[in-house]
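# Descriptive analysis of the structure
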Amino acid sequence: MIPTPTSAVRAHPRPAPPDSVRPRLSSPRIGVVFGGGALKGLAHVGALRALAEAGVQPALYAGSSIGAMIAAAAASGMSPEVLTERAMRFRRRDLFRINHLGMLMERMLSRSIYLESPLRTLCDELVADGTFDDFKTPLLVTALDIDRAAPLVFGRPGLRNVRVRDAVYASCALPGFFPPGIVGGHTCIDGGTTDNLPVAIAALDVDALIAVDVGIADVPMETGIASQGFASIFMRAATMMMHEQQQHALERWTSPPMLLIRPKVSHIGWFSFAHVDELLQRGYEATRDALRDLDVLLRAPGGIFPRRQVQLSVDHEACIGCGLCVARAPNMMALDVDRKAYVLTREHSWSPADGAFVRCCPVDAIHVDPMAEASPPTASSAATPSGSTVAVRSVAADISW
Ligand code: SF4
């Protein structure tokens with residue numbers, strides 16, 4: 001059963017109105033947003049299963065890239081069971097076939113490394129035919145118009161009379177990998193390029209959001225990228241760009257309340273076909289666990305959930321005084337007279353979107369200790385002489401949400 005909310009706030013980025021002016025809804029409109037992340041987006045299928053088990057009936061779906069594909073499949077009426085079965089049969093040839101002829105004949109003018117047809121076929125298989133007006137459940141699909149250099153959201157007014165399949169293809173058309181798609185006269189590429197988790201546009205029409213972020217929540221330390229070929233280098237750079245952009249939006253989030261789910265899939269490659277089972281399971285488990293906070297979410301005026309108490313500290317000896325943490329989080333960090341960093345407030349209530357500045361420390365001098373729930377040490381944690389836990393390259397992975 002979905003609890004009844006005591007608030008119905010929308011209109012990001014406006015601040016939440018006071019309780020006295022908030023309407024009370026008997027049935028909350030919950031929007032579900034799926035982020036991009038190439039094959040890691042198969043975790044969204046597990047998320048759909050958990051949502052169905054919890055009785056969540058989305059009033060709107062939104063997505064970028066593969067998130068758009070899974071969102072469109074769900075909005076088409078495809079069940080989590082059918083999607084799971086299809087995902088289990090997913091093979092490399094279903095998506096990637098080298099564009100040999102194009103690269104041979106057109107060389108640098110070739111539009112992509114891979115052929116368009118397998119991705120088109122997949123869109124046709126998973127997404128119902130019709131325009132956005134034909135879909136019973138509202139759907140938003142992001143893309144980027146490369147001629148106008150402008151982001152588009154198909155499904156919004158003025159961008160509804162196009163085939164959903166075309167919009168989904170375009171949203172998945174990772175530049176360089178697949179040819180751009182033509183949608184309603186617009187030449188479009190991957191929507192994740194500019195908005196990998198389209199929560200702001202989805203927030204306009206719902207009372208609460210459930211967002212599943214599989215692609216860029218956490219960019220783990222990885223060595224040897226430079227020797228793994230241009231595709232790996234490109235994806236690493238793109239990941240960092242999208243991460244920064246997405247983090248900027250989440251750190252300024254006001255309303256409506258958002259349940260931000262980040263399945264732990266950062267260790268899995270963007271194009272790994274060997275982890276489908278794990279992706280499905282991690283998406284399911286992360287969503288199932290996060291939905292325990294659904295009641296809290298629907299009663300909140302705004303903000304990002306779940307939230308956990310953490311304690312911040314700085315290793316004074318290790319700090320080299322570069323000031324990056326202060327520049328990134330001036331409301332939490334400052335430099336003392338010795339030009340060493342210190343925390344302005346030790347205890348914080350953090351959502352999964354908080355704490356990204358910790359990873360910018362070049363000497364891992366910033367410590368984050370979960371207070372409410374003790375999390376076991378991870379591979380990216382190290383014990384200090386005092387025995388406390390040091391959060392190093394991955395804050396989100398070190399805190400149990
Ligand atoms: S980022 Fe790290 S090294 Fe730089 S000032 Fe902050 S704590 Fe010190």
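Structure: above.
Report follows, based on the coordinates. None of the values given here were measured: they were computed from a predicted structure.

## Focus: the overall build of the chain
When you go through the chain residue by residue, the secondary structure sums to 12 helices and 16 strands. A buried classification covers 45% of the 401 residues belonging to the chain. Partitioning the intrachain contacts of the chain with sequence separation of at least 6 by distance along the chain shows that 74% fall at a separation of at least 24.

## So, the site of the ligand
Taken together, 14 residues form the shell around the ligand, and within it Cys319, Cys322, Cys325, Ala341 and Cys361 come nearest. Classifying every residue of the shell around the ligand by side-chain character gives 12 nonpolar, two polar and no charged.

## A word on helix H2 (residues 66-75)
For H2, a buried count of 10 out of 10 residues is recorded, marking the element as mostly surrounded by other parts of the structure. Residues of H2 that are buried: Ile66, Gly67, Ala68, Met69, Ile70, Ala71, Ala72, Ala73, Ala74 and Ala75. Gly77, located one to two residues past H2, shows a positive phi value of around 100°.

## Remarks on the sheet that holds strand E10 (residues 308-314)
Strand order in the open sheet made by the three strands is E13-E10-E14, with antiparallel pairing throughout. The sheet terminates laterally at strand E13 (347-350) and strand E14 (366-370), the two strands that pair on one side only. Averaged over neighbouring strand pairs, the angle between their axes works out to 35° when direction is ignored. Note that E10 and E14 share five bridges and pair antiparallel. Among the inter-strand pairings, Val310 is bridged to a residue of E14, identified as Pro370.

What counts as what
- Residues numbered from 1 in each chain as written.
- Predicted model: local features only at pLDDT ≥ 70, side-chain atom pairs only at ≥ 80, totals over all residues.
- Helix = DSSP H or I, 4+ residues; strand = E, 2+ residues; numbered from the N terminus.
- Buried ≥ 20, exposed ≤ 12 C-beta atoms within 10 Å, placed from the backbone.
- Contact = placed C-beta atoms within 7 Å.
- Near = placed C-beta within 6 Å.
- Nonpolar A, V, L, I, M, F, W, Y, C, P; charged D, E, K, R; others polar.
- Pairing = 2+ DSSP bridges.
- Axes fitted to C-alpha atoms, helices over the stretch in contact; angles between N-to-C directions.

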